[in-house]
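Survey of secondary and tertiary structure
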Amino acid sequence: MKARMSAKKIKIVEGRTRFWVYQGEITRKLPVFFNPDKEFDRTLSVIFLKALKKLLGRDLIVLDLLSGSGARGIRLLNESNAVEKLFLNDFNPRAVSFIKKNLELNELNAEVSNLEANEFLINTRQYFDFIDVDPFGSCNPFLENSIKRLKNKGVLAITITDCGALYGTYPKAGFRKYHSIVRRTPFSHELGLRVLAKHVIERGSEQEIALEPIFSHQTRHYFRMYFQARRGASRTDKLLEKIKFLAFNQKTLETRLIEKEFNIKKEEILLGPLFAGNLQNKEVLKLMLEYQDEKKIEKFLKTLYDEAEINAVSFYELPFIAKKLHKNVPKIDFLIKKLKKKGYKASRTHISGQGIKTNASIKELIKLF
Ligand SMILES: C[S@@+](CC[C@H](N)C(=O)[O-])C[C@H]1O[C@@H](n2cnc3c(N)ncnc32)[C@H](O)[C@@H]1O
């Protein structure tokens with residue numbers, strides 16, 4: 001109620017697009033939800049759409065299912081030069097009037113609807129190249145019907161903000177919502193991405209649609225993943241083969257992927273199931289690097305690219321290891337250089353400024369401390 005009373009309408013510019021939004025405490029109680037902190041994420045989705053247009057070789061039919069003020073969808077239409085037709089939907093009538101105003105402000109046209117999201121998805125006859133699902137909390141209520149409306153090779157992009165369930169802060173919620181064992185570990189945030197990937201892949205597999213992660217990141221308080229859909233039972237089976245469990249040895253800090261949950265040793269904890277395949281598609285990242293024009297985004301995408309070169313499902317958090325060894329934290333760039341000199345692959349992770357991804361074992365890494 002407080003947020004509603006203190007919120008005021010302001011006009012802003014994000015990217016090359018202008019909007020009317022509500023400014024106030026960022027909670028779902030805002031009359032029309034808008035989070036200015038998600039600018040980085042919305043900009044990334046504009047660049048992603050340019051890459052998708054190039055990959056598919058056509059202009060795209062796009063759905064912003066839970067549009068709020070229309071910020072994301074309208075930016076995609078205005079800035080990507082990739083959209084043939086845009087659909088915007090929200091069940092909040094005030095959001096819909098903002099969407100209409102914001103389209104007018106930018107002299108753009110789109111199909112706008114004021115429906116409950118599943119009602120929209122069930123009743124539309126349209127198939128989409130890109131569906132964006134940006135809910136409050138979990139995307140679970142919208143997954144099944146969104147997946148049904150994807151064209152072959154179309155992309156489902158989801159944002160998740162119920163991080164406690166995926167970080168392992170609330171293991172019961174993690175199991176209830178994502179059917180995996182999640183615990184607090186030094187690499188919890190990557191674990192969360194991989195559990196989420198597993199969950200969405202399984203929802204796709206129910207419809208014999210392989211939903212392959214092609215661009216993924218965990219930033220601040222949210223997870224963001226883009227999945228490309230391909231129909232077919234054997235493709236789906238292949239993707240499911242990459243779902244594994246992870247055993248984490250809390251004493252030695254070793255991790256190992258295992259096929260079956262009853263395989264663990266006494267000092268290990270069991271995590272997962274999780275998706276152990278690649279979270280990025282390097283082709284997509286290369287294209288995005290071509291299309292971006294901001295230093296901060298270039299740096300971010302390069303880190304994702306470096307990570308994708310390394311076949312590891314978790315990372316080593318240096319302060320955690322240093323604390324265990326009663327040593328100072330070594331300089332991360334020094335360690336990466338040393339590992340590479342020894343013939344290992346190593347890179348930073350976008351998830352933590354003090355995290356290293358490498359194919360070297362923990363024993364090798366500890367030698368360098
Ligand atoms: C997190 S906000 C979307 C923010 C927007 N994507 C942006 O970038 O500013 C979620 C929106 O979903 C809408 N919403 C929530 N549940 C819905 C449902 N079941 N059907 C339709 N809209 C819904 C809310 O009204 C809200 O505007």
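Please refer to the structure higher up on the page.
Residues numbered from 1 in each chain as written. Predicted model: local features only at pLDDT ≥ 70, side-chain atom pairs only at ≥ 80, totals over all residues. Heavy atoms only, no water.

Some remarks on the overall build of the chain
How we decide: By the criteria applied, helices consist of DSSP H or I runs no shorter than four residues and strands consist of E runs no shorter than two, each listed in order from the N terminus. We take the radius of gyration over the C-alpha atoms and set the globule estimate at 2.2 Å times the residue count to the 0.38 power. Accessible area is worked out with a 1.4 Å probe on protein chains only. A residue is then buried under 20% of its type maximum, exposed over 50%, and partly exposed in between.
Counting secondary structure elements, the chain contains 15 helices and 15 strands. The globule rule puts the C-alpha radius of gyration for 369 residues at 21 Å, and the 21 Å found for the chain is close to it. In terms of overall dimensions, the chain has C-alpha extents of about 60 × 45 × 45 Å along its principal axes. When burial is assessed residue by residue, the chain has 56% of its 369 residues classed as buried.

Some words on the sheet that holds strand β10 (residues 243-249)
Note the cut-off: Whether two strands pair depends on DSSP finding at least two bridges between them. Working convention: axes come from line fits to C-alpha atoms, limited for helices to the stretch in contact. Angles between N-to-C directions cover 0 to 180 degrees. It only takes one pair of heavy atoms within 4.5 Å for two residues to be counted as in contact.
In spatial order, the strands read β11-β10-β12; together these three strands make up an open sheet with antiparallel pairing. Only two strands of the sheet have a single neighbouring strand rather than two, namely β11 (255-258) and β12 (268-275). Neighbour-to-neighbour, the strand axes of the sheet open up by a mean angle of 30°, direction not taken into account. As judged from the six bridges shared by β10 and β12, these two strands associate in the antiparallel manner. In the strand pairing of β12, N249 is matched with E268. The sheet contacts of helix α9 (residues 188-205) involve β10 and β12, and relative to β12 the element is tilted by about 45°.

Some words on the environment of N311
If you trace the backbone, N311 turns up in the loop between α12 (295-308) and β13 (316-317). Taking the C-alpha atoms as reference points, N311 and F34, 277 residues apart in sequence, are found 37 Å from one another.

Some points on the pairing of strand β3 (residues 60-64)
What counts is decided by this rule: Whether a crossover is right-handed comes down to one check: with the strands pointing away from the viewer, does the path from the first strand over the helix to the second run clockwise; if it does, it is right-handed.
In terms of burial, β3 is largely enclosed, as five of its five residues are buried. The alternating pattern of β3 places L60, V62 and D64 on one face and I61 and L63 on the opposite face, and all of these are buried. Once the chain exits β3 it traverses helix α3 (residues 71-79) before rejoining the sheet at strand β4 (residues 83-89), and the crossover so formed is right-handed. Pairing geometry for β3 and strand β6 (residues 128-133), over three bridges, is parallel. Paired with D64 across the strands is D132, a residue of β6.

Some points on the site of the ligand
Spelled out, the test is: We call a residue near a molecule or strand when any one of its heavy atoms sits within 4 Å of it. Residue type decides the class: Asp, Glu, Lys and Arg count as charged, Ala, Val, Leu, Ile, Met, Phe, Trp, Tyr, Cys and Pro as nonpolar, and the leftover types, Gly among them, as polar.
For the ligand, the set of nearby residues contains 16 residues, the closest of which are R42, D90, E116, A117 and D134. Of the residues belonging to the shell around the ligand, the class tally is nine nonpolar, three polar and four charged.

A look at the pattern of salt bridges
Under the convention used in this document: The working definition used for a salt bridge is a side-chain nitrogen of Lys or Arg within 4 Å of a carboxyl oxygen of Asp or Glu.
Across all of its chains, the model carries 29 salt bridges by this definition. For K357, the salt bridge goes to E190, with nearest N and O atoms at 2.7 Å. Highlighted residues: K357 in strand β15 (residues 355-358) and E190 in helix α9, separated in sequence by 167 residues. Here the residues in one salt-bridge network are K38, D41, R72, D132, D134 and R224, joined through shared partners.

Re the packing of aromatic side chains
Counted only if it meets this: Only Phe, Tyr and Trp rings take part, Trp by its six-membered ring, and two of them pair if their centres are within 6.5 Å. Stacked means planes under 30 degrees apart, edge-to-face means over 60, and tilted covers everything else. To sit over a ring, a charge needs its Lys NZ or Arg CZ within 6 Å of the ring centre and within 35 degrees of the ring normal.
Considering all chains together, one arrives at twelve aromatic pairs under this definition. Judged by centre distance (5.2 Å) and plane angle (80°), the rings of F33 and F136 are edge-to-face. A residue pair is termed long-range when its members are at least 10 positions apart, and F33 in the loop between β2 (17-23) and α2 (39-56) and F136 in the loop between β6 and α6 (140-148) qualify at 103 residues. According to the relative accessible area criterion, F33 is partly exposed, its value standing at 29%. The exposure class assigned to F136 is partly exposed, which follows from its relative accessible area of 42%. Ring plane angle 10° and centroid distance 6.1 Å describe the contact between F48 and F215, whose orientation is recorded as stacked. Remark: F215 occurs in strand β8 (residues 209-219) and F48 occurs in helix α2; sequence separation between them is 167 residues. Using a relative accessible area of 0% as the deciding quantity, one classes F215 as buried. Aromatic ring contacts, followed pair by pair, group F48, F130, F215 and Y226 into a single cluster. The ring of F98 has K101 lying over it, and the distance from NZ or CZ to the ring centre is 5.4 Å.

By themselves, these are just geometric observations and shouldn't be taken as functional.
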